[in-house]
Amino acid sequence: MSPALRHMRYVLAENPVTAGAFVGFALLIALALFGPMIAPFDPLASDTDIALQPPSLAHWFGTDHLGRDILSRVIVAARLDMQIALAAVALSFVFGSLLGVLAGWYGGGIDRAIGRVVDTIMAFPLFVLAMGIVAALGNTVGNIIYATAIINLPFYARMARAETNARRDAGFVEAARLSGNSDARILAAQVFPNILPPMMVQVSLNLGYAILNAAGLSFIGLGVRPPTPEWGIMVAEGATYIVSGEWWIALFPGLVLMAAVFCFNLLGDGLRDIIDPRRRT
Amino acid sequence: MPVLVSLVLRRLLGALPSIAAVVVVTFVLTRALPGDPAAYFAGPAADAQSVEEIRRKLGLDKPLPVQFLAYLGDLAQGEMGTSLITGQPVSADILARLPASVELTLCGLALALAVSLPLGVAAATRPGSWVDHMARVISTAGVSLPVFFTGLLLVYIFYYLLGWAPAPMGRLDLFASAPTTITGFYLVDSLITGQFATFRAAAAQLVLPALTLGLFALAPLTRMTRASMLGVLGSDFIRTARAGGLSRGTVLVTYALRNALLPVVTTLGMVFSFLLGANVLVEKVFAWPGIGSYAIEALVASDYAPVQGFILTMAIMYVGLNLMIDILYGLIDPRVRIEA
Amino acid sequence: MMLLEIDNLSLNFRTRSGVVKALEDVSLSVGRGETLGVVGESGSGKSVLSFAVMGISDAAATVSQGAIRFEGLDLLKAGPSDLDELRGAEMAMIFQNPRTALNPIRPVGRQIADVLLRHAGVTRAQAQDKAVEMLARVRIPDPERRAKAYPFEMSGGMCQRVMIALALACSPKLLIADEPTTGLDVTTQAAIMDLVGELARESRMATLLITHDLGLAAERCDRIAVMHAGHVVEVAPTAELFARPRHPYTARLISTTPRPGASLAALEPIPGSLPDLRGELAPCRYSARCHLYQAECDAGPLPRQDDNGRMVACRRPA
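How each quantity is defined
- Residues numbered from 1 in each chain as written.
- Chains lettered and ligands numbered in written order.
- Predicted model: local features only at pLDDT ≥ 70, side-chain atom pairs only at ≥ 80, totals over all residues.
- Heavy atoms only, no water.
- UniProt positions renumbered as here; feature names shortened; annotations may be inferred.
- Helix = DSSP H or I, 4+ residues; strand = E, 2+ residues; numbered from the N terminus.
- Contact = heavy atoms within 4.5 Å.
- Pairing = 2+ DSSP bridges.
- Axes fitted to C-alpha atoms, helices over the stretch in contact; angles between N-to-C directions.
- Buried area = accessible area lost by both parts, 1.4 Å probe.
- Salt bridge = Lys/Arg side-chain N within 4 Å of Asp/Glu carboxyl O.
- Polar contact = N/O pair within 3.5 Å; in protein donor to acceptor, adjacent residues only side chain to side chain.
- Nonpolar A, V, L, I, M, F, W, Y, C, P; charged D, E, K, R; others polar.
- Patch = residues over 30% accessible without salt bridge, like charges linked within 9 Å, V, L, I, M, F, W, Y side chains within 5 Å.
- Areas by Shrake-Rupley, 256 points an atom, 1.4 Å probe, with all protein chains shown as cover.
- Buried < 20%, exposed > 50% of the residue type's maximum accessible area, 1.4 Å probe, protein only.
- Phe/Tyr/Trp six-rings, centres within 6.5 Å; stacked < 30°, edge-to-face > 60°.
- Lys NZ or Arg CZ within 6 Å of the ring centre and 35° of its normal.

A separate point is the UniProt feature "domain: ABC transmembrane type-1" (unreviewed entry) in chain B. Using the residue numbers shown here, the UniProt feature "domain: ABC transmembrane type-1" (unreviewed entry) corresponds to residues 98-329 of chain B. Along residues 98-329 of chain B the backbone is 79% helical and 0% strand, and the end-to-end C-alpha distance reaches 26 Å.

Set out below in structure tokens:
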């Protein structure tokens with residue numbers, strides 16, 4: 001076993017909660033990859049004879065108003081929710097850290113211009129801005145991803161800027177510069193790898209927020225359209241039935257959504273403890 | 001106090017770029033709308049010529065800078081277009097619905113502060129105790145709660161199962177009549193006019209949505225209060241205060257908490273950003289007739305003027321809130337107030 | 001009866017990496033009007049001792065044995081409200097880093113008034129007047145205006161004067177000064193110490209001066225106690241201590257202090273460093289660094305008291 005792996009195993013043994021979060025993360029990925037194969041029923045097949053049935057042996061999570069199997073829909077939805085969250089976070093990570101590194105490295109006018117863009121995004125309540133972007137660009141899943149990416153961009157840009165700024169005059173950067181490396185090369189080979197660990201913590205914490213944001217948008221009818229299974233829209237479909245006591249329709253997708261977000265947050269906290277034990281709160 | 005006046009003026013000036021940015025972005029979002037607004041307003045039966053006429057009437061044939069100036073002129077007059085659903089000017093609709101949203105948000109925030117501050121302080125004064133563990137669980141689990149889901153859970157438990165709460169159907173049940181409008185806040189108006197039955201009915205409707213929002217804001221506030229209180233309690237001046245024999249209450253509140261509030265106030269900006277967004281979702285869950293549900297109804301019906309009005313209102317409100325947070329910070333911290 | 005008597009005090013800290021035996025069998029006394037210096041390297045337990053006397057120890061600290069008596073009252077057995085009555089009124093403390101030792105967002109006059117309100121039975125207005133009066137007594141120019149100022153608007157020396165005004169506001173019988181001049185420039189140091197000495201003489205206040213600066217202790221103290229790794233190793237009247245140090249550590253400590261006229265070559269470092277106070281310790285905690293160490297030292301330091309109030313805890317004193 002390599003030393004890195006051994007360190008990892010030691011850390012996880014010391015932090016059972018983080019280890020649990022890793023397991024949860026793996027499970028979510030598995031659901032996203034193999035969901036359609038695992039699901040016991042067709043998530044879109046409706047059968048009004050068995051509509052609104054509470055959880056039973058045949059349908060563990062019950063059935064919805066069209067008689068669709070909720071367990072299958074929850075499982076299959078994992079792929080779409082994870083896709084939205086991962087794509088959005090990947091976009092904001094790439095563009096956010098690019099902007100942040102440039103701002104932190106060059107300073108001056110570039111820094112001010114990028115700072116103005118970031119401040120403008122932050123001048124809006126973020127979810128409201130996301131609503132506006134989706135409304136303007138059009139009501140599609142792709143635009144949900146762009147909107148989520150845009151509202152998360154400031155967090156990466158600010159962090160990358162601060163971390164780059166702190167390392168601009170560090171010894172190893174100075175050494176690379178003196179040995180004749182170009183700016184681009186130093187940024188890619190020296191600066192970026194060094195700011196990566198704190199950024200990864202941000203990614204993990206951000207995944208949870210991205211899922212919540214996307215689910216929130218589809219809850220109010222943006223992006224994902226019925227009958228597509230997606231956790232937010234499933235909760236929205238179940239909302240009507242809560243007041244008449246059919247709790248299972250909204251509960252199970254809601255619980256899974258919550259568990260996924262919780263898992264990402266724990267993972268983020270755990271990663272932060274591993275990377276920087278001092279910031280533990 | 002001239003110091004305070006100059007602080008407020010400085011902050012107001014500082015907020016101008018944000019307001020400008022907000023207005024520009026809203027304009028850009030307006031122009032990026034899918035489809036052709038002129039064709040949309042003309043209706044499906046219109047021919048090319050009448051679409052062209054409407055385009056001219058709306059000023060959409062002019063260059064963008066001219067359109068932007070016209071947009072600014074409209075805004076200055078409080079003109080945000082007309083809603084297709086209600087047939088009313090958007091500004092009138094939003095003004096009528098704003099108090100509902102503000103009342104809900106403020107009550108949610110008040111609930112969150114009422115719990116998170118004592119909880120954070122208690123956790124920080126007894127590290128490792130059950131209160132501390134509870135605060136940690138709340139701050140990690142709380143940020144994971146989808147706000148629309150918590151709302152539904154509360155409805156199921158307190159309305160369907162226990163029957164303690166009224167149906168999640170807006171600000172008043174069907175049998176109560178709205179109080180005379182003075183501030184637009186039902187709780188305040190009903191008290192001013194002495195309509196206590198209305199007050200009770202309005203409060204009953206408000207409890208669950210406010211609780212939902214409160215639970216949502218609880219996590220970040222508790223986390224911040226705990227962390228910053230822990231930091232302050234370990235600082236030198238707390239030791240001085242204790243060595244001076246000051247009572248435990250004075251040390252904790254006057255010395256520790258007032259200092260610990262500074263980072264908490266800073267966090268409030270982010271909390272408000274999330275709270276205003278969560279407000280939209282909560283309004284949908286509880287059929288709350290605020291500007292959030294107004295925007296959702298408009299979105300579903302592809303009625304875009306209300307959506308733009310809503311986004312602009314929310315953004316301006318958020319800028320205003322941040323301004324107030326800045327001023328509040330200045331009130332607490334003399335170092336900011338007396339800066340050169 | 002002495003004003004302050006510390007008897008066989010032992011104090012431990014519980015930490016993640018084990019129990020730190022910060023103080024062991026510490027005995028000291030301070031008479032009325034007397035100035036006692038407590039000297040030693042950082043980490044020797046001076047500050048821990050002073051915090052224990054004030055009853056403001058860290059939550060992780062536990063006293064395992066001993067007593068601290070102030071005017072005959074055992075502070076370790078007294079109730080928390082009795083202690084609050086004493087703190088700030090009968091005994092007071094000034095700290096190092098005066099700028100961080102004051103509340104950054106409260107006017108300094110208010111901070112002094114807070115203590116007066118708590119102990120002196122006065123109204124808010126009287127307390128505020130008395131605070132201004134105290135600021136004048138510590139020779140802060142324009143005290144009326146300064147009372148409304150915040151710590152960040154003042155220099156370090158000015159802040160330390162405010163600390164002294166705050167500590168002396170209720171005319172305490174004992175002042176604990178924990179490194180009061182560390183971080184101040186040299187002229188300010190002298191002015192601050194002159195001020196403390198003068199105010200102490202005026203009101204026959206006893207002073208416990210905690211410092212790592214032997215020169216300062218020599219100038220200002222009637223008697224000096226030397227601490228090493230949580231033990232008091234020697235107590236003696238100042239002149240005698242410097243003329244004839246009996247504990248080998250004291251001797252080393254004096255020889256590390258530059259004195260006018262002595263060549264720099266005569267400065268000798270103390271070998272080794274303070275022992276780790278966790279886990280098992282040699283009975284004499286200096287033995288590992290001591291050039292006089294012999295097997296008999298392992299029986300533990302032998303406290304010897306003579307008639308002139310000198311004490312030395314050593315098997316082989318000079």
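Still to come is the rest of the account.
This part takes up the arrangement of the chains. Taken together, the two pairs of chains in contact show their highest number of contacts between chains A and B. With no contact between them, chain A and chain C keep their nearest C-alpha atoms 15 Å apart.

So, on to the pairing of strand β2 (residues 18-30) of chain C. Residue and element names in this part refer to chain C. In the sheet, strand β1 (residues 4-15) pairs with β2 via nine bridges, with the strands oriented antiparallel. Paired with Thr-15 across the two strands is Gly-18, which belongs to β2. As consecutive antiparallel partners, β1 and β2 are separated by two residues.

On to the UniProt feature "transmembrane region" (unreviewed entry) in chain B, then. Residues and elements named next belong to chain B. According to UniProt, the feature "transmembrane region" (unreviewed entry) maps to residues 12-30, 104-125, 137-162, 202-221, 260-282 and 310-332 in the numbering used here. Annotated as 100% helix and 0% strand, the span residues 104-125 places its first and last C-alpha atoms 32 Å apart. In this annotation, residues 202-221 is assigned 100% helix and 0% strand; the end-to-end C-alpha distance for the span is 27 Å.

With that settled, the discussion passes to the sheet that holds β1 of chain C. All names here are of chain C. Taken in spatial order, the four strands make up an open sheet running β2-β1-β4-β5, and their pairing is antiparallel. Of all strands in the sheet, those bounded by a partner on one side alone are β2 and β5 (73-74). Pairing of strand β4 (residues 61-70) with β5 involves two bridges; the strand directions are antiparallel. Bridge pairing in β5 links Phe-70 to Leu-73. Packed on one face of the sheet, helix α1 (residues 46-54) meets β1, β2 and β4 and runs near 110° to β1.

This part is about the interface of chain C and chain B. How big an interface is tends to be expressed through the accessible area that disappears when the partners come together. Contacts between the two partners involve 29 residues from chain C and, on the opposite side, 21 residues from chain B. Carbon and sulfur atoms make up 60% of the area that chain C and chain B hide from each other, which totals about 2100 Å². It is Ile-56, Ile-105 and Phe-152 of chain C that lose the most area in chain C upon contact with chain B, and together they represent 27% of the buried surface on that side. At the junction of chain C and chain B, the tally comes to zero salt bridges. Counting the contacts that link chain C with chain B gives nine residue pairs in polar contact (both at pLDDT 80 or more). With five residues, the single largest contributor to the side of chain C that touches chain B is helix α3 (residues 108-119) of chain C. Residue classes in the side of chain C that touches chain B are distributed as 15 nonpolar, eight polar and six charged.

Once that is clear, we can look at a nonpolar patch on the surface. Residues and elements named next belong to chain A. On the surface, a nonpolar cluster with roughly 540 Å² of combined accessible area is contributed by Val-94, Phe-95, Leu-98, Leu-102, Tyr-106 and Ile-110. Among the elements that line the nonpolar patch, the one with the most residues is helix α3 (residues 70-106), at five residues. Tracing the backbone shows Leu-102 in helix α3. You can call Leu-102 partly exposed: its relative accessible area is 30%.

In this structure the tally under the stated criterion is 16 aromatic pairs over all chains. Ring centres of Phe-93 of chain A and Tyr-156 of chain A lie 6.0 Å apart, and the angle between their planes is 80°; on these two criteria the pair is classed as edge-to-face. Remark: Tyr-156 of chain A occurs in helix α6 (residues 141-167) and Phe-93 of chain A occurs in helix α3; sequence separation between them is 63 residues. Side by side, Phe-93 of chain A and Tyr-156 of chain A carry an identical accessibility label, which is buried. Seen from their ring centres, Phe-27 of chain B and Tyr-71 of chain B are 5.3 Å apart, and the 50° between their planes marks the pair as tilted. Remark: Tyr-71 of chain B occurs in helix α4 (residues 64-76) and Phe-27 of chain B occurs in helix α1 (residues 2-31); sequence separation between them is 44 residues. For Phe-27 of chain B, a relative accessible area of 7% translates into the label buried. Owing to a relative accessible area of 14%, Tyr-71 of chain B belongs among the buried residues under this scheme. Above the ring of Tyr-186 of chain B, the side-chain terminus of Arg-171 of chain B is found at 3.7 Å from the ring centroid.

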